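Working through the structure, step by step
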Amino acid sequence: MANFITHTLADGIAQVRLDAPDSRVNILNADFLRELEQTAEMLAADNEVRGVVVSSAKEAGFIAGADIGQIAAVADAAEGERLAREGQRIFERWAQLPFPVVAAVHGHCMGGGTEFILACHYRIAAEQASIALPEVKLGLFPGFGGTQRLPRLISLEKSLDLILTGRSLSGIQALNLGLADECVTAAGLAEAALALLRRVIVDPKPVLKKRRDKNSGWRIWLLEKNPLGRAFLFHQARKKLQARTGGHYPAPLKALEVIRQGLERDLPAGLDLEARELGRILLTPACKNLVHVYHLNQRAKKAPGLDAQPLPVRRAAVIGGGVMGRGIAGLLAAQGVPVVLRDLKEDIISAALDDLRGRFERQARKKQQGSDAAAEKLARIQGTTRLEDLADADLVIEAVLEKMPVKQAVLAEVEPLLADTAVLATNTSALSVSELQHSAQRPGNLGGLHFFNPAEKMPLVEVIRGAATSEQTLATLFSAALKLGKTPIVVADRPGFLVNRLLMAYLNEACLIAQGGVDWLNLDVRATGFGLPMGPFRLMDEVGLDIAAEVGTTLCAAFDYLEKSSLLHQAAAQPDLGRKTGRGFYRYQGERTIGRNQALAQLLGLHGTRGATRADLRRMLLLMINEAARCLEEGVVAAPEDVDTGMIFGTGFPPFLGGTCRWADSQGLPSLVRELEKLAAAHGRRFAPAAWLRDRERFYGEG
Ligand code: NAI
């Protein structure tokens, strides 16, 4: 006993410390939960106890959540329901303790951790705490009482927001909502928790009144304290959810129902409903797939296959202050790395710095930080036109024009200035890293970091292994990408790397289908109906028709089995180049589309004589699958996990489907192979099933 939890008793006050052995964080696995129950029983049996403070001994935070492995292993609804009931019973044991329990929260408090503090009688949070119920992101909802206790503690409207989005709250935000009774600095947490406990032992009324006051007022009275208002609130929440999820994510909708019905009953009946529905939701494909995506993310943090130790990056430099360069410099500065941003002209540098100042200020406002937060980040960026200023950088990322001679010239001038250990990366979208290495002094120190646009938002980074890239360089680039908060995958130096190759094959196919008489807008509607964030034509507008045409040409030249559509080439030769020019396939008002661009459709001879069918969409998706198999065959990436990580975090492939390969597995590879054979007979050899596909029943788990 006392593996996970210790407690001391002095002066009637029990101090309970959560401290899972051999772990950086506290995870509520079965053993931890059992010990939590035993602790509650022990405290209840001790006549000397007058109050309890629960805190965590982990520096990282309070409780990081429930054991996701255990959740993933649930194979039938009854088992899921039983797990939920057990957690509920243990937390209820704490709620029923006959003396006050104060939870003192610092750092992260996630999922089951938040449900535990909801069962405690009082909560005090450190300012920097991060408190959330993020279960919907895993395709489930809180099942240890969270859906029932939260709306009984704070406003229903805020509860819905927290549970249905998984958003996290800082300590201060938790205080403002009444989720925390007090908020203090991390250094003062232990003392303040004790003081709070002593006060509530004497008289709880002032604290409870303060809590009540936070959840009163005309809005709450109007919307939450009467059935009509509540019905309206639930109706609005459901409408918003439908719009946000397209109906592809069952968990938030079910959570909404569990909260609504639970509030019409007493707490035990509400808990009963929560457990029953949780058991069912755990079995949905969306839940299984989102847990898979969670594992993909965890896997990406471990640099699979890289043994070398990364070199530290104390100072970085970015060459090229255009669209990508400024985004990358901004990311480095935001993560605390001093960075020199070099371009050829002063005016480009000042435009880049102005742009970054605006971004940092917007971020600070959003996070409710003071104005120094933005100034601090900006101060880490030194804009310059002078080459000598790059000399101290441990990592140099180039983001100049996509032309080999320009990149070679940049390399030739910067390399002699740098230390022998400095690592260089090119952000090229399509040029060969290995070719660039031919003109490098230290080819082993050069690799690729392929960020996606916009660099500050898109999670994926392809880490490119050129023919001569050393393991240490690769490990350094991988770890730098992680430090920037990105999800990296290691990719071989082949045209289009992984993501652009799969995406371009799919986009090119969309063009061929439209040229065959299918209404292009209708094809976009099919694609978004499937769950993609935007359709192929809307995406080409976003990328820019000129750029898409260029990438298409490069890839079709590299892979001669592809059949190049002439559409993009024609489109790139006229002035409507996509969202950046206000018109492409669509017309735009800012970021919004305001209808088709008929003139372009006419010019390109797109008459759309028939609507898009499911078969048209499958034709595009199956080509993508075939290309993914070819990439695995050629060793572009090491495993199907890399494909799924790349397509979800680089293109927004629907997370509820778990990724491209996982979706293919759900369809069954043997039947996809038969479908591909038919497509090959009808449309050409690009559909001829890759040998890799023929050998296997599934992408995952076989062969
Ligand atoms: P951009 O045209 O916006 O910026 C390039 C910048 O490099 C310009 O400001 C130019 O003045 C500067 N420059 C040119 N030669 C230079 C030199 N010798 N020294 C210093 N600065 C120099 O281009 P963008 O879009 O930022 O692209 C940069 C690189 O990133 C390209 O290789 C591109 O293929 C790649 N990329 C672009 C993506 C995009 O969506 N824009 C996505 C991923 C990669």
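Residues numbered from 1 in each chain as written. Predicted model: local features only at pLDDT ≥ 70, side-chain atom pairs only at ≥ 80, totals over all residues. Heavy atoms only, no water.

1. As for the overall build of the protein chain
Regarding its fold elements, the protein chain presents 31 helices and 22 strands. In terms of overall size, the protein chain behaves like a compact globule, its C-alpha atoms giving a radius of gyration of 28 Å where 703 residues would be expected to give roughly 27 Å. Dimensions of the protein chain, computed from C-alpha atoms along their principal axes, come out at roughly 80 × 60 × 50 Å. Per-residue burial over the protein chain gives 54% buried out of 703 residues. Nonlocal contacts in the protein chain, meaning residues at least 24 apart in sequence, comprise 73% of its contacts between residues at least 6 apart. Counting only carbon and sulfur atoms, one obtains 53% of the accessible surface of the protein chain, whose full area is about 29,700 Å². Averaged over its 84 positive side-chain charges, the protein chain has a centre that lies 6 Å from the centre of its 80 negative ones. (Helix = DSSP H or I, 4+ residues; strand = E, 2+ residues; numbered from the N terminus. Rg over C-alpha atoms; globule rule 2.2 N^0.38 Å. Buried < 20%, exposed > 50% of the residue type's maximum accessible area, 1.4 Å probe, protein only. Contact = heavy atoms within 4.5 Å. Areas by Shrake-Rupley, 256 points an atom, 1.4 Å probe, with all protein chains shown as cover. Lys, Arg positive; Asp, Glu negative; His and termini not counted. Charge placed at Lys NZ, Arg CZ, Asp CG, Glu CD.)

2. Describing the nonpolar core
If you look at the biggest cluster of nonpolar residues, it comprises 86 residues, and the most contacted ones within it are L498, Y506, F537, F585, V643, F653 and F699. If you count residues domain by domain, this core takes at least three from each of domain 2 (316-486) and domain 3 (500-636 + 668-694). For F653, the residues in contact, after removing those within four places along its chain, are F530, L532, L621, M624, M647, I648, G659, T660 and W663. The next biggest cluster of nonpolar side chains, apart from the first, holds 76 residues, and it includes L153, L256, V258 and A275. (Core = buried A, V, L, I, M, F, W, Y, C linked by side-chain atoms within 4.5 Å. Domains from an automatic or database assignment.)

3. Some thoughts on the site of the ligand
Neighbouring residues of the ligand: 21 residues in total, closest M324, D343, E402, K407 and S429. Here a nitrogen atom of the ligand sits 3.5 Å away from a polar atom, N or O, in the side chain of R342. E402 places a polar side-chain atom, nitrogen or oxygen, 2.6 Å from an oxygen atom of the ligand. Compared with its free state, where it exposes 830 Å², the ligand has 79% of that area covered by protein. Of all the secondary structure elements, the ones that give two or more residues to the shell around the ligand are α15 (323-334), α18 (404-414) and β18 (446-451). (Near = heavy atom within 4 Å. Polar contact = N/O pair within 3.5 Å; in protein donor to acceptor, adjacent residues only side chain to side chain.)

4. Details of the packing of helix α21 (residues 499-515) against helix α27 (residues 614-634)
Two numbers describe a pair of packed helices, the interaxial angle and the distance between the axes. Where α21 contacts α27, the two axes come as close as 9 Å, and the packing angle between them is 150°. With respect to each other, α21 and α27 are oriented roughly antiparallel. Here α21 runs over α27; the crossing is right-handed. Each of R501, L502, A505, Y506, E509, A510, L512 and I513 in α21 lies in contact with α27, whose residues at this interface are D616, R619, M620, L621, L623, M624, E627, A628, R630, C631 and E634. Taken together, the residues that form the contact of α21 with α27 break down as twelve nonpolar, no polar and seven charged. (Axes fitted to C-alpha atoms, helices over the stretch in contact; angles between N-to-C directions. Parallel < 35°, antiparallel > 145°, perpendicular 65-115°, else oblique. Left-handed = near helix turned anticlockwise from the far one by under 90°. Nonpolar A, V, L, I, M, F, W, Y, C, P; charged D, E, K, R; others polar.)

5. Side note on the packing of aromatic side chains
In the structure shown here, the tally under the stated rule is 15 aromatic pairs. Their ring planes at 55° and their centres at 5.7 Å tell us that W520 and F537 sit as a pair that is tilted. One end of the pair, W520, is in helix α22 (residues 520-530); the other, F537, is in helix α23 (residues 536-543), and 17 residues separate them in sequence. One exposure class covers both W520 and F537, and it is buried. For W520, a relative accessible area of 3% puts it in the buried group. (Phe/Tyr/Trp six-rings, centres within 6.5 Å; stacked < 30°, edge-to-face > 60°.)

6. Notes on the side chain of D343
Inspection of the secondary structure assignment puts D343 in the loop between β14 (339-342) and α16 (346-366). Side-chain polar atoms of D343 contact the backbone nitrogen of G321, separated by 2.6 Å. Contact partners of D343, with chain neighbours within four places excluded, come to G320, G321, G322, I348, I349, T384 and T385.

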